[in-house]
Amino acid sequence: MYTKLVAFVTAATVASTALAHGVISSPPRRLPGAAFEAACGSQVYSNVDSDQFGNQQGEEQNFNSDTTSACRVYLCKSLMYEDNTGNVQSFSANQVVPIEIDIEAPHTGVANVSVVDTTTNTVLAGPLISFDPAYSVSTPIPANQTSFSVTIPNLNGACTTAGVCVLQWWWDARPIDQTYMSCVDFTQG
(Lines give C-alpha, C1' and ligand atoms only; values in the text may rest on other atoms or scores of the structure.)
Protein backbone atom coordinates (compact mmCIF):
# COMPACT_ATOMS: atom_id res chain seq x y z
CA MET A 1 0.00 0.00 0.00
CA TYR A 2 2.79 2.42 0.97
CA THR A 3 4.62 1.75 -2.34
CA LYS A 4 1.45 2.51 -4.34
CA LEU A 5 0.93 5.75 -2.40
CA VAL A 6 4.54 6.85 -3.02
CA ALA A 7 4.18 6.01 -6.73
CA PHE A 8 0.94 8.02 -6.92
CA VAL A 9 2.41 11.05 -5.13
CA THR A 10 5.52 10.91 -7.32
CA ALA A 11 3.42 10.68 -10.51
CA ALA A 12 1.22 13.57 -9.37
CA THR A 13 4.27 15.70 -8.58
CA VAL A 14 5.83 14.99 -11.98
CA ALA A 15 2.52 15.74 -13.75
CA SER A 16 2.06 19.06 -11.95
CA THR A 17 5.66 20.06 -12.71
CA ALA A 18 5.21 19.19 -16.38
CA LEU A 19 2.25 21.57 -16.58
CA ALA A 20 4.23 24.58 -15.34
CA HIS A 21 5.46 27.10 -17.92
CA GLY A 22 5.65 30.86 -17.23
CA VAL A 23 4.26 33.92 -15.42
CA ILE A 24 5.18 37.44 -14.36
CA SER A 25 6.69 37.18 -10.88
CA SER A 26 7.07 40.97 -10.40
CA PRO A 27 5.25 43.37 -10.26
CA PRO A 28 2.26 41.57 -8.68
CA ARG A 29 0.16 39.83 -11.34
CA ARG A 30 -3.50 38.89 -11.30
CA LEU A 31 -4.18 35.74 -9.29
CA PRO A 32 -7.22 33.45 -9.17
CA GLY A 33 -9.99 34.13 -6.66
CA ALA A 34 -13.73 33.88 -6.07
CA ALA A 35 -14.75 36.04 -9.08
CA PHE A 36 -12.57 33.91 -11.34
CA GLU A 37 -14.12 30.73 -9.97
CA ALA A 38 -17.65 32.12 -10.42
CA ALA A 39 -16.92 32.99 -14.07
CA CYS A 40 -14.89 29.96 -15.11
CA GLY A 41 -16.16 27.19 -12.86
CA SER A 42 -14.67 25.10 -10.11
CA GLN A 43 -12.68 22.76 -12.39
CA VAL A 44 -10.91 25.62 -14.21
CA TYR A 45 -10.37 27.43 -10.90
CA SER A 46 -8.87 24.31 -9.30
CA ASN A 47 -6.48 23.77 -12.22
CA VAL A 48 -5.32 27.39 -12.41
CA ASP A 49 -5.07 27.79 -8.64
CA SER A 50 -2.85 24.69 -8.40
CA ASP A 51 -0.75 25.61 -11.49
CA GLN A 52 -0.72 29.32 -12.33
CA PHE A 53 2.02 28.72 -14.92
CA GLY A 54 -0.30 26.88 -17.32
CA ASN A 55 -1.51 27.90 -20.77
CA GLN A 56 -4.84 29.18 -22.05
CA GLN A 57 -5.45 26.09 -24.16
CA GLY A 58 -5.21 23.90 -21.06
CA GLU A 59 -7.71 26.16 -19.33
CA GLU A 60 -10.14 25.85 -22.26
CA GLN A 61 -9.93 22.05 -22.13
CA ASN A 62 -11.51 22.22 -18.67
CA PHE A 63 -14.48 24.39 -19.63
CA ASN A 64 -17.75 22.73 -18.68
CA SER A 65 -21.34 23.51 -17.77
CA ASP A 66 -20.34 25.84 -14.90
CA THR A 67 -18.10 27.97 -17.18
CA THR A 68 -19.85 31.24 -18.10
CA SER A 69 -19.34 33.77 -20.91
CA ALA A 70 -17.56 35.98 -18.35
CA CYS A 71 -14.63 33.51 -18.51
CA ARG A 72 -12.58 35.36 -21.14
CA VAL A 73 -9.56 33.08 -21.42
CA TYR A 74 -7.71 35.32 -23.90
CA LEU A 75 -7.98 38.35 -21.62
CA CYS A 76 -5.59 37.99 -18.71
CA LYS A 77 -6.15 34.22 -18.76
CA SER A 78 -9.67 34.94 -17.42
CA LEU A 79 -8.22 36.19 -14.12
CA MET A 80 -10.43 38.94 -12.74
CA TYR A 81 -9.71 42.43 -11.50
CA GLU A 82 -12.27 41.89 -8.71
CA ASP A 83 -9.97 39.29 -7.17
CA ASN A 84 -6.95 41.59 -7.36
CA THR A 85 -8.02 45.06 -6.20
CA GLY A 86 -5.21 45.10 -3.65
CA ASN A 87 -2.53 44.65 -6.33
CA VAL A 88 -3.21 47.73 -8.47
CA GLN A 89 -0.01 49.58 -9.33
CA SER A 90 0.29 53.29 -10.15
CA PHE A 91 2.53 54.03 -13.15
CA SER A 92 3.25 57.53 -14.41
CA ALA A 93 4.01 58.48 -18.00
CA ASN A 94 7.64 57.67 -18.87
CA GLN A 95 8.08 55.57 -15.73
CA VAL A 96 10.50 52.68 -16.19
CA VAL A 97 8.94 49.52 -14.75
CA PRO A 98 11.15 46.50 -14.03
CA ILE A 99 9.54 43.15 -14.88
CA GLU A 100 10.58 39.69 -13.75
CA ILE A 101 9.38 36.58 -15.60
CA ASP A 102 9.51 33.10 -14.10
CA ILE A 103 9.87 30.45 -16.81
CA GLU A 104 9.36 26.92 -15.51
CA ALA A 105 9.44 25.16 -18.91
CA PRO A 106 10.63 26.91 -22.09
CA HIS A 107 8.90 26.58 -25.47
CA THR A 108 10.21 28.45 -28.50
CA GLY A 109 7.86 31.22 -29.55
CA VAL A 110 7.39 34.97 -29.49
CA ALA A 111 6.62 37.23 -26.53
CA ASN A 112 5.82 40.85 -25.79
CA VAL A 113 4.56 43.27 -23.18
CA SER A 114 1.78 45.72 -24.04
CA VAL A 115 -0.76 47.96 -22.33
CA VAL A 116 -4.21 46.41 -22.83
CA ASP A 117 -7.66 47.94 -22.33
CA THR A 118 -9.61 45.24 -20.48
CA THR A 119 -13.01 46.64 -21.50
CA THR A 120 -12.31 45.90 -25.18
CA ASN A 121 -9.34 43.49 -24.94
CA THR A 122 -7.37 45.73 -27.30
CA VAL A 123 -3.80 46.95 -27.18
CA LEU A 124 -3.60 50.62 -26.16
CA ALA A 125 0.18 50.84 -26.37
CA GLY A 126 2.85 48.48 -27.48
CA PRO A 127 4.45 46.24 -27.73
CA LEU A 128 6.61 48.05 -25.22
CA ILE A 129 9.15 45.25 -25.63
CA SER A 130 9.13 42.08 -27.72
CA PHE A 131 11.21 38.93 -28.10
CA ASP A 132 11.47 36.80 -31.25
CA PRO A 133 12.43 34.08 -30.65
CA ALA A 134 11.40 33.90 -27.01
CA TYR A 135 12.12 31.21 -24.43
CA SER A 136 13.83 28.91 -26.93
CA VAL A 137 14.29 25.23 -26.26
CA SER A 138 17.42 25.08 -28.44
CA THR A 139 19.51 27.76 -26.70
CA PRO A 140 19.82 29.11 -23.16
CA ILE A 141 17.20 31.77 -22.39
CA PRO A 142 18.87 35.20 -22.46
CA ALA A 143 18.74 36.99 -19.10
CA ASN A 144 17.05 40.00 -20.74
CA GLN A 145 13.99 37.83 -21.53
CA THR A 146 13.31 37.11 -17.85
CA SER A 147 14.49 40.37 -16.26
CA PHE A 148 13.85 43.55 -18.21
CA SER A 149 12.20 46.96 -18.01
CA VAL A 150 9.53 48.72 -20.03
CA THR A 151 8.76 52.42 -20.24
CA ILE A 152 5.11 53.29 -19.65
CA PRO A 153 3.87 55.75 -22.29
CA ASN A 154 1.51 58.67 -21.70
CA LEU A 155 -1.89 57.03 -22.02
CA ASN A 156 -3.80 60.35 -22.20
CA GLY A 157 -6.32 59.60 -19.45
CA ALA A 158 -7.28 56.14 -20.74
CA CYS A 159 -6.11 54.34 -17.59
CA THR A 160 -7.34 56.47 -14.69
CA THR A 161 -9.85 53.88 -13.43
CA ALA A 162 -8.55 50.75 -11.72
CA GLY A 163 -9.41 47.57 -13.61
CA VAL A 164 -9.48 49.20 -17.05
CA CYS A 165 -5.80 48.83 -17.97
CA VAL A 166 -3.26 46.08 -17.54
CA LEU A 167 0.36 45.64 -18.41
CA GLN A 168 0.13 42.30 -20.23
CA TRP A 169 2.97 39.84 -20.79
CA TRP A 170 2.01 37.55 -23.68
CA TRP A 171 3.98 34.52 -24.85
CA ASP A 172 2.85 32.43 -27.80
CA ALA A 173 4.56 29.12 -28.59
CA ARG A 174 2.95 28.28 -31.95
CA PRO A 175 5.01 25.12 -32.61
CA ILE A 176 3.18 23.48 -29.68
CA ASP A 177 -0.06 25.56 -29.79
CA GLN A 178 0.33 27.02 -26.30
CA THR A 179 -0.23 30.62 -25.18
CA TYR A 180 0.66 32.10 -21.79
CA MET A 181 -0.09 35.49 -20.30
CA SER A 182 0.06 37.42 -17.08
CA CYS A 183 -1.53 40.78 -16.32
CA VAL A 184 -0.57 43.57 -13.94
CA ASP A 185 -3.41 45.97 -13.08
CA PHE A 186 -2.40 49.63 -13.00
CA THR A 187 -3.65 53.18 -13.18
CA GLN A 188 -2.09 56.31 -14.61
CA GLY A 189 -3.44 59.44 -12.98
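Residues numbered from 1 in each chain as written. Predicted model: local features only at pLDDT ≥ 70, side-chain atom pairs only at ≥ 80, totals over all residues. Heavy atoms only, no water.

With respect to empty space enclosed by the protein
Here comes step 1: One pass over the full model with this rule turns up one cavity of 30 Å³ or more.
Here comes step 2: Approximately 60 Å³ is the volume attributed to the largest cavity.
Here comes step 3: Contributing to the lining of the largest cavity are V23, R29, R30, V48, Q52, C76, K77, L79, M181, S182 and C183.
Here comes step 4: In terms of residues, the lining of the largest cavity owes the most to one element, strand β8 (residues 178–187), which gives three residues.
Here comes step 5: Its residues placed into classes, the lining of the largest cavity shows six nonpolar, two polar and three charged. (1 Å grid on protein atoms, 1.4 Å probe; cavity = no way out; pocket = protein on both sides within 12 Å on 5 of 7 lines; lining within 4 Å. Points joined across faces, edges and corners; volume = space filled by probe spheres on them. Helix = DSSP H or I, 4+ residues; strand = E, 2+ residues; numbered from the N terminus. Nonpolar A, V, L, I, M, F, W, Y, C, P; charged D, E, K, R; others polar.)

With respect to the sheet that holds strand β2 (residues 89–90)
Here comes step 1: On the basis of which strands lie adjacent, the open sheet formed by five strands has the order β2-β8-β7-β4-β5 and mixed pairing. Of all the strands in the sheet, just β2 and β5 (122–134) have a single pairing partner and so form its edges.
Here comes step 2: Looking at chain direction, β2 and β8 are connected through two bridges and run parallel. Within β8, the residue paired with S90 across the bridge is T187. (Pairing = 2+ DSSP bridges.)

Topic: the packing of aromatic side chains
Here comes step 1: Within the structure shown, the criterion is met by seven aromatic pairs.
Here comes step 2: Seen from their ring centres, Y135 and W169 are 6.1 Å apart, and the 70 degrees between their planes marks the pair as edge-to-face. You can see Y135 sitting in the loop between β5 and β6 (147–151) and its partner W169 sitting in strand β7 (residues 165–173), a full 34 residues away along the chain. Across the pair, W169 and Y135 agree in class, each one buried. (Phe/Tyr/Trp six-rings, centres within 6.5 Å; stacked < 30°, edge-to-face > 60°. Buried < 20%, exposed > 50% of the residue type's maximum accessible area, 1.4 Å probe, protein only.)

Focus on the state of the cysteines
Here comes step 1: Tallied over the entire structure, the rule returns three disulfides.
Here comes step 2: Here C40 is linked by a disulfide to C71, with a sulfur-sulfur distance of 2.1 Å. Its S-S torsion of about 100 degrees marks the bond between C40 and C71 as right-handed, since a negative value means left-handed. Of this pair, C40 sits in helix α2 (residues 34–40) while C71 sits in the loop between α4 (56–60) and β2, and the two are 31 residues apart along the sequence. With respect to burial, C40 and C71 carry one shared label: buried.
Here comes step 3: Covalent S-S linkage joins C76 and C183, the inter-sulfur distance amounting to 2.2 Å. (Disulfide = S-S within 2.5 Å.)

Side note on the sheet that holds β6
Here comes step 1: The strand order β1-β3-β6 describes an open sheet built from three strands, whose pairing is antiparallel. Each edge of the open sheet carries a strand with a single partner, namely β1 (22–26) and β6. Ignoring which end each strand starts from, the neighbouring axes of this sheet average 40 degrees apart.
Here comes step 2: Judged from the four bridges that link them, β1 and strand β3 (residues 96–103) form a sheet pairing that is antiparallel. (Axes fitted to C-alpha atoms, helices over the stretch in contact; angles between N-to-C directions.)

Quick word on the confidence of the model for the chain
Here comes step 1: Confidence in the prediction for the chain averages 90 pLDDT; 89% of positions are at 70 or higher.
Here comes step 2: Segment residues 1–19 is flagged for pLDDT under 50; beyond a separation of four residues in sequence, or across chains, it makes four contacts in the model. (pLDDT = per-residue confidence, 0-100. Contact = heavy atoms within 4.5 Å.)

Points about the side chain of D185
Here comes step 1: On the secondary structure map, D185 appears in strand β8.
Here comes step 2: Engagement of the side chain of D185 in a polar contact is seen with the side chain of R30, the distance being 2.8 Å.
Here comes step 3: In contact with D185, other than residues within four places in its own chain, are R30, Y81, N84, N87, V88, Q89, G163, C165 and V166. (Polar contact = N/O pair within 3.5 Å; in protein donor to acceptor, adjacent residues only side chain to side chain.)

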